[in-house]
Amino acid sequence: MSTLALEGGSPVRMRPFPEWPVHDESDLRALREVLESGTWSAANGPRVRELERRFAAYHDASHAVATTSGTVSLVLALRALGVGSGDEVIVPPYTFMATASAVLEVNALPVFADISLDTYCIAPDAVEAAITPRTRAIIAVHFGGHPADMDQLGEISRRRGITLIEDAAHAHGAVWAGRKVGAIGALGCWSFQASKNLTSGEGGMITTNDSALAERCESLHDFGRSPGGPWYEHHFLSGNHRLTELQSALLLAGLERLPEQIERRERSARHLDSELGRIEGVRPLERDPRTDVHSHHLYIFRYDPEGFGGMSREAFVRALNAEGIPASSGYPVPLYRQPLFEELAFDTRATGYDPAYGPTQYGRLELPQCERACRETVWLPQNVLLGDESDLADITSAVRKVQEAARHGSGSRATSAH
Ligand SMILES: Cc1ncc(COP(=O)(O)O)c(C=O)c1O
């Protein structure tokens, strides 16, 4: 049995995984062109418009509006729909804070609905149960790149007259039942932050098939101007949320690489599913058969200490890290347990927060699937999936090595070190 790297043994892996973000000559050329053109702003630049056209076409959407971030995209989407004070928006609790904080930013209240443990996406039956007369919208996150159940969520949205928004920050290029995500619901919100599968360091996009909503988003991302209207005429309260020409140049170059990267991630994830899936105590997330393309922003598996001689998830992740595998345990707590919610550190008056009112008593919430996900999840970042078979083999070897050590009582230091 080999000694764990954590206990002085040699690590399974000394080489780094493929780097992220990536760039090549095309990015350098595109950036140089923008620099030399002297046109760096979206206000008069052609690249932002070209990016919007190409991003919309790639995601089967008729409109796209480029913004400064995924968070801003969510806020503007909610504002475009007129969601505000006194309204409720149903969100999952297993997601990045922005999904829920965007709702607070428009003075509406996030209402958390539990996730499915199969995919970590919001569970349609939990959404249905969370609807109240105040519910105005549902934000479904395509978590880790796996599309949320857009069939059932779409059906609930139509039947109950509640708008469906897609938080597609993890899901560039994902396809649900033959349709790219992002304009299946009323609006799709995207992030180009540095870790994302398409990136310009920071940035965002809104996609939609609704031309009235597109026009509203267009205006809201640019000081409330009318698209094509006079420069100094402002119709809505808003600010400057425009992407730059430099960011658009990077994104146009990245968009060219995206389809091939998606294929590589899909191949690697299927390989890991089959290899890791054979290891007791490791359970890769499921893939809904209606998912034609999973964009794998994260590779996620569920960890059961039983298969690892009782080794805690934290110790397991630490041991993997020492073996050279960049695993993490993801979100430590459900969003409703973040201080922002537990301490009600938001404008409770503006949002109409009522402590006596069930769905928004954050301190008392305990959504079992999400609680469990926070306890048992292990994430691998998307760039490891861009590696080759030997990179993937190192992951499996490291997991097996840690398991063997843990089962033989070695790794006890790892188990106890908290
Ligand atoms: C699911 C999700 N939604 C929204 C965002 C916010 O995007 P941004 O960082 O571009 O504001 C992120 C992450 O950054 C995210 O992971």
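Owing to the predicted nature of the structure, the values given are computational and were not obtained by experimental measurement. (Residues numbered from 1 in each chain as written. Predicted model: local features only at pLDDT ≥ 70, side-chain atom pairs only at ≥ 80, totals over all residues. Heavy atoms only, no water.)

**What to know about the site of the ligand**
Right, on to step 1. By nearness alone, 15 residues border the ligand, and Gly-70, Thr-71, Asp-167, His-170 and Ser-191 come closest of all.
Right, on to step 2. Within the contact set of the ligand, an oxygen atom lies 2.8 Å away from a backbone nitrogen or oxygen of Gly-70.
Right, on to step 3. His-170 places a polar side-chain atom, nitrogen or oxygen, 2.7 Å from an oxygen atom of the ligand.
Right, on to step 4. If the ligand stood free it would expose 380 Å²; the protein chains cover 91% of that surface.
Right, on to step 5. Of all the elements in the fold, those that place two or more residues in the shell around the ligand are helix H3 (70-80) and helix H4 (98-105).
Right, on to step 6. In terms of residue class, the shell around the ligand is built from four nonpolar, nine polar and two charged. (Near = heavy atom within 4 Å. Polar contact = N/O pair within 3.5 Å; in protein donor to acceptor, adjacent residues only side chain to side chain. Areas by Shrake-Rupley, 256 points an atom, 1.4 Å probe, with all protein chains shown as cover. Helix = DSSP H or I, 4+ residues; strand = E, 2+ residues; numbered from the N terminus. Nonpolar A, V, L, I, M, F, W, Y, C, P; charged D, E, K, R; others polar.)

**Some words on the sheet that holds strand E6 (residues 175-176)**
Right, on to step 1. Read across the open sheet, the three strands follow the order E7-E6-E11; overall the sheet is antiparallel. Each of the sheet's edge strands pairs with one partner strand only, and the pair in question is strand E7 (179-180) and strand E11 (291-293).
Right, on to step 2. Pairing analysis gives two bridges linking E6 to E7, with the strands arranged antiparallel. Counterpart to Trp-176 in the pairing with E7 is Arg-179. (Pairing = 2+ DSSP bridges.)

**A short note on H3**
Right, on to step 1. The element H3 is largely enclosed, with a buried count of nine among its eleven residues.
Right, on to step 2. The opening residue of H3, the one whose side-chain oxygen lies 3.3 Å from the backbone nitrogen of Thr-71, is Ser-69.
Right, on to step 3. Gly-82 lies just past H3 and shows a positive phi near 80°. (Buried < 20%, exposed > 50% of the residue type's maximum accessible area, 1.4 Å probe, protein only.)

**Description of the packing of aromatic side chains**
Right, on to step 1. Under the counting rule described, the total for this entry stands at 20 aromatic pairs.
Right, on to step 2. Relative to Tyr-120, the ring of Tyr-94 lies with its centre 5.0 Å away and its plane at 65°, an arrangement referred to as edge-to-face. In this pair, Tyr-94 sits in the loop between strand E2 (88-91) and H4 while Tyr-120 sits in the loop between strand E3 (109-112) and helix H5 (124-130), placing the two residues 26 residues apart along the sequence. Neither residue differs from the other here; Tyr-94 and Tyr-120 are each classed as buried.
Right, on to step 3. An aromatic cluster of at least three residues, connected via ring pairs, comprises Phe-112, Tyr-336, Phe-341, Phe-346, Tyr-353 and Tyr-362.
Right, on to step 4. We note Arg-134 situated over the ring of Tyr-357; from NZ or CZ to the ring centre the distance is 4.4 Å.
Right, on to step 5. A cation over a ring is seen here: Arg-265 above Trp-20, with NZ or CZ 5.4 Å from the ring centre. (Phe/Tyr/Trp six-rings, centres within 6.5 Å; stacked < 30°, edge-to-face > 60°. Lys NZ or Arg CZ within 6 Å of the ring centre and 35° of its normal.)

**Considering the packing of helix H8 (residues 245-276) against helix H13 (residues 389-407)**
Right, on to step 1. At a minimum axis distance of 10 Å, the contact between H8 and H13 shows a crossing angle of 25°. The orientation of H8 with respect to H13, classified from their angle, is roughly parallel. Considering the relative orientation of H8 and H13, their crossing is right-handed. For the pair H8 and H13, contact is made by Ser-268, His-271, Leu-272, Glu-275 and Leu-276 and by Leu-392, Ile-395, Thr-396, Val-399 and Arg-400, respectively. (Axes fitted to C-alpha atoms, helices over the stretch in contact; angles between N-to-C directions. Parallel < 35°, antiparallel > 145°, perpendicular 65-115°, else oblique. Left-handed = near helix turned anticlockwise from the far one by under 90°. Contact = heavy atoms within 4.5 Å.)

**Description of the side chain of Asn-197**
Right, on to step 1. Of note, Asn-197 is situated in the loop between strand E8 (187-191) and strand E9 (204-208).
Right, on to step 2. The class for Asn-197 is buried, based on a relative accessible area of 2%.
Right, on to step 3. Of note is the side chain of Asn-197, whose polar atom sits 2.9 Å from the backbone oxygen of Ser-295.
Right, on to step 4. There is a polar contact of 2.9 Å between the side chain of Asn-197 and the side chain of His-297.
Right, on to step 5. In this view, Asn-197 contacts Trp-20, His-172, Leu-258, Gln-261, Arg-265, Ser-295, His-296, His-297 and Gln-382; residues no more than four positions away in its chain are not counted.

**A word on the sheet that holds strand E13 (residues 377-381)**
Right, on to step 1. Judged by pairing direction, the sheet is antiparallel, and its three strands sit side by side in the order E10-E12-E13 without closing on themselves. The open sheet terminates on both sides in strands that have one partner only, identified here as strand E10 (282-284) and E13. The average angle at which neighbouring strand axes cross in this sheet is 30°, direction not considered.
Right, on to step 2. Sheet analysis places E10 next to strand E12 (residues 298-303), joined by three bridges and oriented antiparallel. Bridging from a neighbouring strand, Arg-283 pairs with Arg-302 of E12.
Right, on to step 3. Along the sheet face, helix H12 (residues 368-376) touches E12 and E13 and points at about 60° away from the line of E13.

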